[in-house]
Amino acid sequence: MAQGKKKNAQVISLDAFGSAKSYWLCWVRSPLDHFPFAKSVSKQLKRPVAQIGNIILDDHPKLAFPMYFTSFSREYDANLVILANHVTAPMDLSMQQQSPLLGGLLFEDDYYLFNNGGLAKIQFSYPMADFILLLSTDKQADIEDYRQSIFRISDMTVLCQDTPQNIAQSQKKSKIVLDFLQYLFYESEAAVKDYQRRKLFKKLHNRLSIAANNFENLRFPLEDNRILTSPLLRRDDY
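The sections below set out a description of the structure shown in this document. None of these values were measured; they are calculated from a predicted model.

Details of empty space enclosed by the protein
So, point 1. A complete count under the given rule lists one cavity of 30 Å³ or more for this structure.
So, point 2. Contributing to the lining of the largest cavity are Lys21, Asn79, Val81, Leu134, Leu135, Ser136, Phe185, Ser188, Glu189, Val192 and Lys193.
So, point 3. When contributions to the lining of the largest cavity are tallied by element, the ones reaching two or more residues are strand 4 (78-84), strand 8 (131-138) and helix 5 (174-203).
So, point 4. Of the residues forming the lining of the largest cavity, the biggest block, five residues, is contributed by helix 5.
So, point 5. Along the lines of polarity and charge, the residues of the lining of the largest cavity split into five nonpolar, three polar and three charged.

What about the packing of aromatic side chains?
Working definition: an aromatic ring pair is given by the centre-to-centre distance plus the angle between the planes.
So, point 1. A complete count under the given rule lists 12 aromatic pairs for this structure.
So, point 2. Pairing Phe65 with Tyr111 gives two aromatic rings, centres 6.4 Å apart and planes at 55°, and the pair type is tilted. Of the two residues, Phe65 is situated in strand 3 (residues 60-73) and Tyr111 in strand 6 (residues 110-115); the sequence distance between them amounts to 46 residues. No difference in accessibility class separates Phe65 from Tyr111, as the two residues are buried.
So, point 3. Taken together, Trp27, Phe114, Phe124, Tyr126, Phe180 and Tyr183 form an aromatic cluster joined through their ring pairs.

Details of the pattern of salt bridges
So, point 1. Tallied over the full model, the rule gives seven salt bridges.
So, point 2. Residue Lys193 is joined to Asp77 by a salt bridge in which the shortest nitrogen-to-oxygen separation is 3.4 Å. Of this pair, Lys193 sits in helix 5 while Asp77 sits in the loop between strand 3 and strand 4, placing them 116 residues apart in sequence.
So, point 3. For Lys193, a relative accessible area of 45% gives the class partly exposed.
So, point 4. Judged by relative accessible area, which is 15%, Asp77 ranks as buried.
So, point 5. A salt bridge links Glu144 to Arg147, with the nearest nitrogen and oxygen atoms 2.2 Å apart. On the criterion of helical spacing, the pair formed by Glu144 and Arg147 is a turn pair, its members being three residues apart in helix 3 (residues 143-151).
So, point 6. Linked by salt bridges that have partners in common, Lys21, Asp77, Glu189 and Lys193 make up one network.

Concerning the nonpolar core
The nonpolar side chains of a soluble globular protein tend to be buried with one another.
So, point 1. Ranked by size, the top nonpolar core spans 38 residues in total, and within it Trp27, Phe65, Leu83 and Phe114 carry the most contacts.
So, point 2. Among the elements of the structure, strand 1 (21-29), strand 2 (50-57), strand 3, strand 4, strand 6, strand 8, helix 4 (164-169) and helix 5 are those that each provide at least two residues to this core.
So, point 3. If one sorts the elements of this core by residue count, helix 5 sits on top with nine residues.
So, point 4. Contacts of Phe114, omitting those with residues within four sequence positions, involve Trp27, Asn85, Ile122, Phe124, Ile132, Phe180, Leu181 and Leu184.
So, point 5. Grouped together as the second largest cluster of nonpolar side chains are 22 residues, Val41, Leu80, Ile82 and Ile150 included.

Rules of the game
- Residues numbered from 1 in each chain as written.
- Predicted model: local features only at pLDDT ≥ 70, side-chain atom pairs only at ≥ 80, totals over all residues.
- Heavy atoms only, no water.
- 1 Å grid on protein atoms, 1.4 Å probe; cavity = no way out; pocket = protein on both sides within 12 Å on 5 of 7 lines; lining within 4 Å.
- Points joined across faces, edges and corners; volume = space filled by probe spheres on them.
- Helix = DSSP H or I, 4+ residues; strand = E, 2+ residues; numbered from the N terminus.
- Nonpolar A, V, L, I, M, F, W, Y, C, P; charged D, E, K, R; others polar.
- Phe/Tyr/Trp six-rings, centres within 6.5 Å; stacked < 30°, edge-to-face > 60°.
- Buried < 20%, exposed > 50% of the residue type's maximum accessible area, 1.4 Å probe, protein only.
- Salt bridge = Lys/Arg side-chain N within 4 Å of Asp/Glu carboxyl O.
- Core = buried A, V, L, I, M, F, W, Y, C linked by side-chain atoms within 4.5 Å.
- Contact = heavy atoms within 4.5 Å.

Now the structure itself:
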């Protein structure tokens, strides 16, 4: 009996990825540079947007892809990260792509995280995206509500959108794509947590604890330098 058509291999992700949170992302084009684009998103969503750092590639440490962040909900840990998909490549990296017959560089090259040609970290079906929008929420939240808010943002054209697993399955090198998408989510989430901690630290005048000698008439011994955990301190309107 003739064997049937072989099914597409399933992409295996890290075990913990997606077990506690829902992930979704989209690639967009925009005529705006990363700072004015983030400012436009802030205005349209009516939420503060902050720059939280850069994605740095191990194989090209001179490249830094700016990240911005806004919170839809602290209760459901619903966060949107805006990641620049391309930056200007350094001269030494551009020179590697030039033919000596051209006699030198006439234009600056861009290096892309995802693109279908040229200088790019990941080969991707959808070319020339300017930004990647990464959305994550707790499993208890309905991620669709936040997705619809993103779709209403002007100054951008959505090229593709889906979960990381579905995006990876649509690409030729699925495992490589999924691994890198997981890396982007984990790195951006770490940057968000670090930014929120630094912001809270600044609110409390560089103190996140209260020494035991500030309390009187304690019935039981108190651990010194207890960390402040009140959720009221972490409210966006505080």
